[in-house]
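# Observations on chain architecture
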Amino acid sequence: MPTTRVQLALNVTDIEAATTFYEAMFGVPPHKQRDGYANFVVEDPPLKLVLIEKPGEGEHLNHLGVEADTPEEVTAALTRFRGAGLEATLAEHDVCCHAAQDKVFVTAPDTPTGWWEYYAVTDDSAVNPEGESTSVCAVACEAKAAAAGGTCCN
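No experiment lies behind these values; they were computed from the predicted model shown. (Residues numbered from 1 in each chain as written. Predicted model: local features only at pLDDT ≥ 70, side-chain atom pairs only at ≥ 80, totals over all residues. Heavy atoms only, no water.)

## Observations regarding the side chain of Asn-62
Short version of the rule: Secondary structure elements follow DSSP: runs of H or I no shorter than four residues count as helices, runs of E no shorter than two count as strands, and numbering proceeds from the N terminus. Here a polar contact means two N or O atoms within 3.5 Å. Within protein one must be a hydrogen donor candidate and the other an acceptor candidate, and residues neighboring in sequence count only if both atoms are side-chain atoms.
Its place among the elements puts Asn-62 in strand E5 (residues 61-68). Here the side chain of Asn-62 touches Asn-11 through a polar contact of 2.6 Å, side chain to side chain.

## Quick word on the environment of Val-41
Which entries qualify depends on this criterion: The classification of residues rests on relative accessible area computed with a 1.4 Å probe and restricted to protein chains. Under 20% of the type maximum is buried, over 50% is exposed, and intermediate values are partly exposed. Any two residues having at least one pair of non-hydrogen atoms within 4.5 Å are treated as being in contact.
Structurally, Val-41 can be placed in strand E3 (residues 37-42). Look at Val-41 and you get partly exposed, because its relative accessible area is 25%. As for Val-41 and Pro-29, which are separated by 12 residues in sequence, their C-alpha atoms are 8.6 Å apart. Val-41 has contacts with Arg-5, Val-28, His-31, Leu-47 and Lys-48, leaving out every residue within four places of it along the chain.

## Considering the sheet that holds strand E7 (residues 99-107)
Where strands meet in a sheet, backbone hydrogen bonds hold them as pairs that are either parallel or antiparallel. Keep this limit in mind: A pair of strands is treated as paired once DSSP finds two or more bridges between them. Angles here are taken between N-to-C directions and fall from 0 to 180 degrees, while the axes themselves are lines fitted to C-alpha atoms, restricted in helices to the stretch in contact.
The mixed open sheet is built from eight strands, whose spatial order is E2-E3-E4-E1-E5-E8-E7-E6. One side of each edge strand has no neighbouring strand; the edge strands of this open sheet are strand E2 (32-34) and strand E6 (88-96). Averaged over all pairs of adjacent strands, the angle between strand axes in this sheet comes to 20°, irrespective of strand direction. Pairing between E3 and strand E4 (residues 47-53): six bridges, direction antiparallel. From the neighbouring strand, Tyr-37 faces E4, where its bridge partner is Ile-52. Across the sheet, helix H1 (residues 15-26) is in contact with strand E1 (4-12), E2, E3 and E4; its angle to E4 comes to roughly 165°.

## As for unusual backbone geometry
Negative phi is the rule for most residues except glycine; trans is the rule for most peptide bonds. Here the amide bond leading from Asp-44 into Pro-45 is cis, since omega sits at 5°, within 30 degrees of zero. On the secondary structure map, Pro-45 appears in the loop between E3 and E4. A positive phi angle, close to 60°, is found at Asp-110, a residue other than glycine. Looking at where Asp-110 falls in the secondary structure, it is placed in the loop between E7 and strand E8 (115-123).

## Things to note about the pairing of E1
One ladder, built from seven bridges, connects E1 with E5; its direction is antiparallel. Residue pairing across strands places Gln-7 opposite Gly-65, the latter belonging to E5. Pairing between E1 and E4: seven bridges, direction parallel. Considered in E4, the bridge of Leu-10 is made with Leu-51.

Put into structure tokens, the structure is as follows:
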């Protein structure tokens with residue numbers, strides 16, 4: 001059976017303090033750490049917690065997502081979203097959050113960026129020293145998010 005976990009991405013003022021806190025809270029070390037970035041793979045409760053250092057951001061919720069195990073699950077979700085009449089855009093081989101991912105952006109009301117992402121990591125060690133997203137879709141989402149006063153994962 002496919003396994004998914006909710007992703008919660010937070011803007012934090014101090015990445016070291018936040019990492020120390022969440023490591024103690026969930027009892028697991030970070031799965032990945034980069035300058036100004038950390039993520040945790042928490043089994044119980046099933047959660048992908050992403051911390052992005054953005055001092056002075058004001059808004060602490062960065063974006064929401066669902067992490068899937070495989071790109072096939074992402075494709076199935078895209079089919080399901082479109083079948084339900086939801087606006088959804090595929091971004092294959094997107095480099096975001098220090099990893100290559102296949103993902104779908106599904107437009108959603110009342111979210112910080114105007115969308116949820118549903119994704120699977122295809123390369124957890126993607127070479128991308130600046131951590132910038134490379135997909136046209138993600139860049140468009142960043143522009144939409146910026147216009148709404150939010151940010152995408154970067």
